[in-house]
Amino acid sequence: MNVVMRMLGLALCALGLYAAPVEDAPALRGFSTAAARAAREWETKFRAIPDPVNLREYMRRLSARPHHLGSPYDKDNAEWLLAKLRSWGLDARIETFEVLFPTPKERAVEMTAPARFTAKLEEPAVAADATSGQKSEQLPTYNAYSIDGDVTGRLVYVNYGIPEDYRELARLGISVKGAIVIARYGVSWRGIKPKVAAEHGAIGCLIYSDPRDDGYFRGDVYPKGPYRPKDGVQRGSVMDMPLYPGDPLTPGIGATKDARRLALGDVKTFTKIPVLPISYADAQPLLAALEGPVAPVAWRGALPITYKIGPGPATVRLKVRSNWDLHPVYNVVVRIPGAVWPDEWIVRGNHHDAWVNGADDPVSAAAALLEEARGFSELLKQGWRPARTIVYCLWDGEEQGLLGSTEWAEYHAEELRHKAVAYLNTDATGRGVLGMAGSHSLERFLNGVARDIEDPETKMPVWKRVQLTRISSASPAERQQLRQSADLRISAIGSGSDYTAFLHHLGIPSLNLGFAGEDGSGIYHSIYDSFHWYTSFSDTDFVYGRALAQTVGTAVMRLAGAELLPFDFVNFADTVRRYVDELQKLSGDMREDVRESNRQIEEGVFRATANVREPRVPPTAEPVPPHLSFAPLENAVTALALSAERYDKTLAAAMQNEGGAALARAAKVNAVLREAERALTRSEGLPGRPWFKHHVYAPGVYTGYSVKTLPGVREAIEQGRWQDAETEIGRLAEVLGKHAELVQRATGELGGLR
């Protein structure tokens, strides 16, 4: 793969199909000609600074010991980061909050019938990996924010434990009521699995890593290869973050020492049933003891057993007890004051805490952030000054539920609403292709940055490598579109990292970036996420860490220096158009599915399922979903597109006519542009979860990390809440109309500069 991509890059160079950035590179959006020339000169200087040698040493230091929230080395790392940043002459400080973080004191998984088996619940050290043996400092394998409990019940295998899997169980006539379920990691965020299990009456939940998903089925296991060994376990939070992230006791407010806190019994984000993660070595005897129907083909993992569903005869006891204590989070915050607009902020973040040693997650990207900060300190010595204030943040407590970033954002909410221009996030990085996700008003901007960064392996722009990678796996129609489009589409973001509070709660345009694709990983949230693993199987020479620092640092510089904020609304309007089309198709498909199901019921034809003659309870006909009126959304999208086109044309005219002074007087336009993403929020939030205020993007109630676009409408349709869907269509149309009006206002202000 590496050799092939390098040869491809050399071939394209020889054919002249792309060229590296040169002095006559295209103008920068939001910059006058003279300002763009100066900006590119500073960017060139910046991109020469990040050094793989430094990245390696940062990782060696930060991942040397376990540094989970509340551990001695977590605080030590924060203080080391503070000292390092200050040694470069930067204004750095630590901001502290106090959050609830349960740690385990009792864990047990035992099979009591038809045979006895006790799970080890432990990851053994690997001789080749020195830090894997730091047992006294390692958190045990567990799921944070599981309730305490001691339950015994028959075992049922539920595949990935998502709602679709329970619909399949219902077709098979299998109930999990009073049972303990065992689900495999993957497809959904882990916290969804006990949530859905409890909703179906289960009393406990086990989550295991199947080798099909990240173990020997994928390749050699650690330490021979990068994949999860048989005793590897994925720790992680199971807090109901789609309700709200951050400290469970202080929703919506910063968790300062004197903050008003909920009683434990009033918290809604804890699981309803006890849950523990286990390895596939511990899972295999439990799964092998199940009888009942053979699992559908799609449910079968890679263990050497016949996958059956149950219930039983395997009976399992699950016990969880935790210490429910408050712990400090240490956010390290740096400010580089803006020389022109100091009250406009570009915020850049990555967390520094880990479940164990965390070389990949998060140190790989935290090291890149550190090199960015060092790069800016060097530029400052040479006379560079950002026009806007740059705020660099190394968050603590991300792993438990985005604690550090959420509490900081909630505490500084009013200031951020008035000052924040954008938030740029990273979490982990490796070898491969640049992943680009975030607010679509920044899509064109990010494409421009990606065109100016060299891929370390192929020597082509990282943008070109992303395009070629997508073309290689696309359909013929998609390939044509990818070749012709000026910009590559970026993905929408749901949750799972520190952008969540900024985008979804405060309405701040956000990006999430990182390289991946060439370093198969099976060590996520285990003791094997170590310096040894990373330097053996991931970005071994740290050149992609350097590329990440170059990419994000360049983006920060452009956002901080642009005379006119470089938002684009044409791509955003086109993206919303696609989302509305998806909603109409979803609604129509659901109607057709119900009609077809009812037809089969009337004719006595039932869907066949392997090893099951027919469901125990005969199905009954369902009401056909009503036709929804999407006219308000159609009108809103039309207005959105028109306002975006007018703004784009007015901007082009202003750029042609300016002599360097016009855009420098664009403060009024920028003041309106800063509100554009905020206009996509509503103060009352989404139905049933008021913390999430953005109405274009949100994590799904039953996906957790994965995004639901136009979530109020989409989830109402998916859940068959048709009256709510009609209401949400109206609310969404109002939100989109408000956004279009703001863009129109910006157009008017921009026209006044000509």
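K.L.:
Please clarify how the overall build of the chain should be interpreted in this entry.
P.N.:
A tally of helices and strands in the chain yields 23 helices and 16 strands. Radius of gyration (C-alpha) of the chain: 26 Å, near the 27 Å computed for a compact globule of 754 residues. Viewed in the frame of its principal axes, the chain has a C-alpha envelope of about 80 × 60 × 60 Å. Of all 754 residues assigned to the chain, the portion counted as buried reaches 60%. When contacts within the chain are restricted to residue pairs at least 6 apart in sequence, long-range pairs at least 24 apart make up 80% of them. Here the chain has roughly 28,100 Å² of accessible surface; of this, 52% comes from carbon and sulfur atoms. Distance between charge centroids for the chain: 1 Å, based on 88 positive and 93 negative side chains.

K.L.:
What's the story with the pattern of salt bridges in this structure? I'm lost.
P.N.:
Two side chains that carry opposite charge are able to pair once their charged atoms sit near each other. For the structure shown, the criterion picks out 54 salt bridges. Linking Glu414 and Arg417 is a salt bridge whose minimum nitrogen-to-oxygen distance equals 2.5 Å. Within this pair, Glu414 and its partner Arg417 are both found in helix α12 (residues 413–419), separated by 3 residues, close to a single helical turn. In this structure, Arg465 and Glu518 form a salt bridge, with 2.4 Å as the shortest nitrogen-oxygen distance.

K.L.:
I'm lost on helix α5 (residues 163–171) in this one. Help?
P.N.:
Note that an α-helix has 3.6 residues per turn; residues three or four places apart therefore point the same way. Pro163, Asp165, Tyr166, Glu168 and Leu169 are the residues of α5 that are buried. Where α5 is buried, its residues meet β4 (149–157), β5 (180–184) and α6 (192–199). Among the residues trailing α5, Gly173 stands out with phi positive, at a value near 75 degrees.

K.L.:
Hey, could you run me through the environment of Leu287 in this one?
P.N.:
Within the secondary structure layout, Leu287 lies in helix α8 (residues 280–288). For the pair Leu287 and Ala314, spaced 27 residues apart in the sequence, the C-alpha separation amounts to 8.2 Å. Once residues lying within four places of it in the same chain are set aside, the contact partners of Leu287 are Tyr157, Ile182, Tyr208, Leu303, Ile305 and Tyr307.

K.L.:
How do you make sense of unusual backbone geometry when you look at a structure like this?
P.N.:
Peptide bonds are, in most cases, trans, and in most cases residues other than glycine have a negative phi. Omega for the peptide link from Gly310 to Pro311 comes to 0 degrees, which places this bond in the cis form. Along the chain, the position of Pro311 falls in the loop between α8 and β9 (315–336). The phi dihedral of Tyr145 falls on the positive side, at around 75 degrees, and the residue is not glycine. On the secondary structure map, Tyr145 appears in the loop between β3 (143–144) and β4. Given the relative accessible area of 0%, Tyr145 is considered buried. With phi around 45 degrees, Leu710 is a residue other than glycine that occupies positive phi space. By secondary structure assignment, the location of Leu710 is in the loop between β16 (707–709) and α22 (711–718). Look at Leu710 and you get buried, because its relative accessible area is 1%.

K.L.:
Honestly, the environment of Gly201 in this entry has me stumped. Any pointers?
P.N.:
Structurally, Gly201 can be placed in the loop between α6 and β6 (204–208). Exposure remark for Gly201: the relative accessible area of 26% places this residue in the partly exposed category. Among residues more than four places away in sequence, those in contact with Gly201 are Val176, Lys177 and Gly178.

K.L.:
Would you mind showing me how to read the packing of α22 against helix α23 (residues 722–751) here?
P.N.:
Each packed pair of helices is defined by two parameters, the angle between the axes and the distance between the axes. For the pair α22 and α23, interaxial distance at closest approach is 8 Å and the crossing angle is 165 degrees. By the angle between their directions, the pair α22 and α23 is classed as roughly antiparallel. Relative to α23, the crossing made by α22 is left-handed. Contacts between α22 and α23 involve Gly712, Val713, Ala716 and Ile717 from the former and Trp722, Asp724, Ala725, Glu728, Ile729 and Leu732 from the latter.

K.L.:
How should the side chain of Thr315 be read in this particular structure?
P.N.:
Along the chain, Thr315 falls in strand β9. Overall, the relative accessible area of 19% leaves Thr315 in the buried class.

K.L.:
Quick question: what am I supposed to make of the pairing of β9 here?
P.N.:
Remember that side chains alternate between the two faces of the sheet whenever the strand is regular. As paired strands, strand β1 (residues 91–113) and β9 are joined by 21 bridges and run antiparallel to one another. Paired with Glu95 across the two strands is Asn331, which belongs to β9.

K.L.:
I keep staring at the packing of aromatic side chains and nothing clicks. Help me out?
P.N.:
Within a pair of aromatic rings, the relevant descriptors are the distance that separates the centres and the angle that separates the planes. Applying the stated criterion across every chain, the model contains 26 aromatic pairs. Their ring planes at 75 degrees and their centres at 5.6 Å tell us that Phe569 and Tyr647 sit as a pair that is edge-to-face. Placement of the pair is Phe569 in the loop between α18 (543–561) and α19 (570–603) and Tyr647 in helix α20 (residues 631–657), with a sequence separation of 78 residues. Judged on exposure class, the residue Phe569 and its partner Tyr647 are both buried. The positively charged end of Arg451 is found above the aromatic ring belonging to Trp463, 4.2 Å away from the centroid. Above the ring of Phe692, the side-chain terminus of Arg689 is found at 5.4 Å from the ring centroid.

Reading guide: rules and limits
Residues numbered from 1 in each chain as written. Predicted model: local features only at pLDDT ≥ 70, side-chain atom pairs only at ≥ 80, totals over all residues. Heavy atoms only, no water. Helix = DSSP H or I, 4+ residues; strand = E, 2+ residues; numbered from the N terminus. Rg over C-alpha atoms; globule rule 2.2 N^0.38 Å. Buried < 20%, exposed > 50% of the residue type's maximum accessible area, 1.4 Å probe, protein only. Contact = heavy atoms within 4.5 Å. Areas by Shrake-Rupley, 256 points an atom, 1.4 Å probe, with all protein chains shown as cover. Lys, Arg positive; Asp, Glu negative; His and termini not counted. Charge placed at Lys NZ, Arg CZ, Asp CG, Glu CD. Salt bridge = Lys/Arg side-chain N within 4 Å of Asp/Glu carboxyl O. Axes fitted to C-alpha atoms, helices over the stretch in contact; angles between N-to-C directions. Parallel < 35°, antiparallel > 145°, perpendicular 65-115°, else oblique. Left-handed = near helix turned anticlockwise from the far one by under 90°. Pairing = 2+ DSSP bridges. Phe/Tyr/Trp six-rings, centres within 6.5 Å; stacked < 30°, edge-to-face > 60°. Lys NZ or Arg CZ within 6 Å of the ring centre and 35° of its normal.

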